[in-house]
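Residues per chain, in single letters:
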Amino acid sequence: MSEVQRKKYTEQEKNRIFDEEFMPHIDSMYNFGYRLTFDEDDAKDLVQDTYLKAYRFINSFEQGTNAKAWLFRILKNSFINDYRKKSKQPAKVDYQEVETYYNSEDVDYKMTSDLRVDSLKDMLGDEISNALNSLAVDFRTVIILCDLEGFTYEEMAKILDIPIGTVRSRLHRARNLLKDKLRSYAQNMGYKTDEEE
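Residues numbered from 1 in each chain as written. Predicted model: local features only at pLDDT ≥ 70, side-chain atom pairs only at ≥ 80, totals over all residues. Heavy atoms only, no water.

The cut-off we apply is this: UniProt positions are given in the numbering used here, feature names are shortened, and annotations may be inferred rather than shown by experiment.
Taking an unreviewed UniProt entry as the reference, the protein is identified by name as RNA polymerase, sigma subunit, ECF family belonging to Belliella pelovolcani. A UniProt comment under Sequence similarities (unreviewed entry) is attached to the protein, and it reads "Belongs to the sigma-70 factor family. ECF subfamily."

Structure follows, in structure tokens:
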């Protein structure tokens, strides 16, 4: 449907679409936002911004289409725009906070952590999360969309605004990078890897 033919929704229809088609995806949106930002507050802000834009531009949503894919595309575009803005800004440090911390009497200079305990704590989730988070954002995004959120290649191509062939090649490369990062972990856990066969 073109922009000219698209129907204007009444306030009641807008609210129904928002509540019934958009809101059921809020948890998936937060998970995707968190995987992109690595920060709970930033992820919440990103989801809030996404839902605000979705409501604001609800007339460009065509009922009967994939609402989840439409929302993911808005979230991905918002993330990219915020990332570009932030990357152009210099890093900010609150020197007052740093000075206050080191001048306070609560600082425990003998505080050290036992690396053996830290490295084994929640190892399965942490190891896989760390490997996933260490991937470049383009590779991390396709893994999240396909393997965690269950989108088809076609839906991913629409969300990411790239050709389907690029989705497939990027996903293949991302899975290989993830496999390489997790190979030693798999061997330590007793799984056979390509190197052992």
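What follows picks up the thread again.
**Description of helix 3 (residues 40-56)**
Each full turn of the α-helix corresponds to 3.6 residues, which orients residues three or four apart in the same direction. We apply this condition: Strands here are runs of E lasting at least two residues and helices are runs of H or I lasting at least four, both read from the DSSP assignment and numbered beginning at the N terminus. One less than the residue count of a helix, multiplied by 1.5 Å, gives the span that helix is expected to have. The buried label applies to any residue whose accessible area, calculated with a 1.4 Å probe on protein chains only, is under 20% of its type's maximum; exposed applies above 50%, and partly exposed to all values in between. Taking the helix axis as origin, the arc is that swept by the directions to the C-beta atoms. Polar contact criterion, stated in full: a pair of N or O atoms within 3.5 Å, where within protein one must be able to donate a hydrogen and the other to accept it, and residues adjacent in sequence count only if both atoms are side-chain atoms.
Helix length check: helix 3 (17 residues) gives 24 Å between terminal C-alpha atoms against 24 Å at 1.5 Å per residue, within 8%. Within the sequence span of helix 3, burial applies to A43, L46, V47, T50, Y51 and A54. The buried residues of helix 3 occupy one face: seen down the axis, they fall within an arc of 130°. When the buried face of helix 3 is taken as reference, the exposed residues oriented beyond 90 degrees from it are D41, Q48, L52 and R56. The opening residue of helix 3, the one whose side-chain oxygen lies 3.2 Å from the backbone nitrogen of D41, is D39.

**Digging into the nonpolar core**
Heads up, the rule is: What makes a nonpolar core is a set of buried Ala, Val, Leu, Ile, Met, Phe, Trp, Tyr and Cys residues whose side-chain atoms join them at distances within 4.5 Å. Domains are outlined according to an automatic or database domain assignment. The contact rule is simple, with two residues in contact once any of their heavy atoms fall within 4.5 Å.
Counting residues in hydrophobic clusters, the biggest one holds 42 residues, and the most contacted among them are F22 and L145. In terms of residue count, the dominant contributor to this core is helix 4 (residues 67-88) (eight residues). Looking at this core, you find at least three residues from each of domain 1 (11-86) and domain 2 (95-195). Setting aside its immediate chain neighbours within four residues, F22 contacts I17, Y51, A54, I58, F61, A67, W70 and L71.

**Section: the packing of helix 9 (residues 153-160) against helix 10 (residues 164-188)**
To be explicit about the condition: Angles here are taken between N-to-C directions and fall from 0 to 180 degrees, while the axes themselves are lines fitted to C-alpha atoms, restricted in helices to the stretch in contact. We call two directions roughly parallel when the angle between them is under 35 degrees, roughly antiparallel when it is over 145, roughly perpendicular when it lies between 65 and 115, and oblique otherwise. Note on residue categories: nonpolar means Ala, Val, Leu, Ile, Met, Phe, Trp, Tyr, Cys or Pro, charged means Asp, Glu, Lys or Arg, and polar means any other residue, Gly included.
Packing of helix 9 against helix 10 brings their axes to within 9 Å, and their N-to-C directions diverge by 100°. By the angle between their directions, the pair helix 9 and helix 10 is classed as roughly perpendicular. Residues Y153, E154, M156 and A157 of helix 9 lie in contact with helix 10, whose contacting residues are I164, V167, R168, L171 and R175. The residue makeup of the contact of helix 9 with helix 10, split by class, is six nonpolar, no polar and three charged.

**Quick notes on the pattern of salt bridges**
Worth spelling out the cut-off: Take a side-chain nitrogen of Lys or Arg and a carboxyl oxygen of Asp or Glu: if they are within 4 Å of each other, that pair is a salt bridge.
All chains considered together, the criterion is met by seven salt bridges. For E20, the salt bridge identified is with R16, shortest N-O distance 3.3 Å. With a gap of four residues between them, E20 and R16 both fall in helix 1 (residues 11-22), about one helical turn apart. Accessibility expressed as a relative area gives 53% for E20, which makes it exposed.

**Some points on the packing of helix 8 (residues 137-148) against helix 9**
Keep this limit in mind: In this scheme, a crossing is called left-handed if the near helix is turned counterclockwise away from the far one by less than a right angle; it is called right-handed if the turn is clockwise.
Direction vectors running N to C along helix 8 and helix 9 enclose 140°, while the axes themselves pass 10 Å from each other. In terms of orientation, helix 8 lies oblique with respect to helix 9. Where helix 8 crosses over helix 9, the two elements pack in a sense that is right-handed. Contacts from T141, V142, L145 and C146 of helix 8 reach helix 9 at Y153, M156, I159 and L160. Tallied by class, the residues present in the contact of helix 8 with helix 9 amount to seven nonpolar, one polar and no charged.

**Digging into the packing of aromatic side chains**
We count it as follows: Centre distance within 6.5 Å is the pairing criterion for rings of Phe, Tyr and Trp, where only the six-membered ring of Trp is used; planes under 30 degrees apart are then read as stacked, over 60 as edge-to-face, and the remainder as tilted. Working rule: Lys NZ or Arg CZ, within 6 Å of ring centre, within 35 degrees of ring normal, means a charge sits over the ring.
Using the criterion set out here, one finds nine aromatic pairs in the structure. Relative to W70, the ring of F61 lies with its centre 5.2 Å away and its plane at 50°, an arrangement referred to as tilted. Summarising the aromatic geometry, the rings of F72 and F151 are spaced 4.8 Å apart at their centres and angled 70° between planes, so their arrangement reads as edge-to-face. In this pair, F72 sits in helix 4 while F151 sits in the loop between helix 8 and helix 9, placing the two residues 79 residues apart along the sequence. Both residues of the pair, F72 and F151, count as buried. Here the aromatic cluster, defined as three or more aromatic residues joined through ring pairs, consists of F18, F22, Y51, Y55, F61 and W70. Taking NZ or CZ as reference, K68 lies 5.1 Å from the ring centre of F151, over its face.

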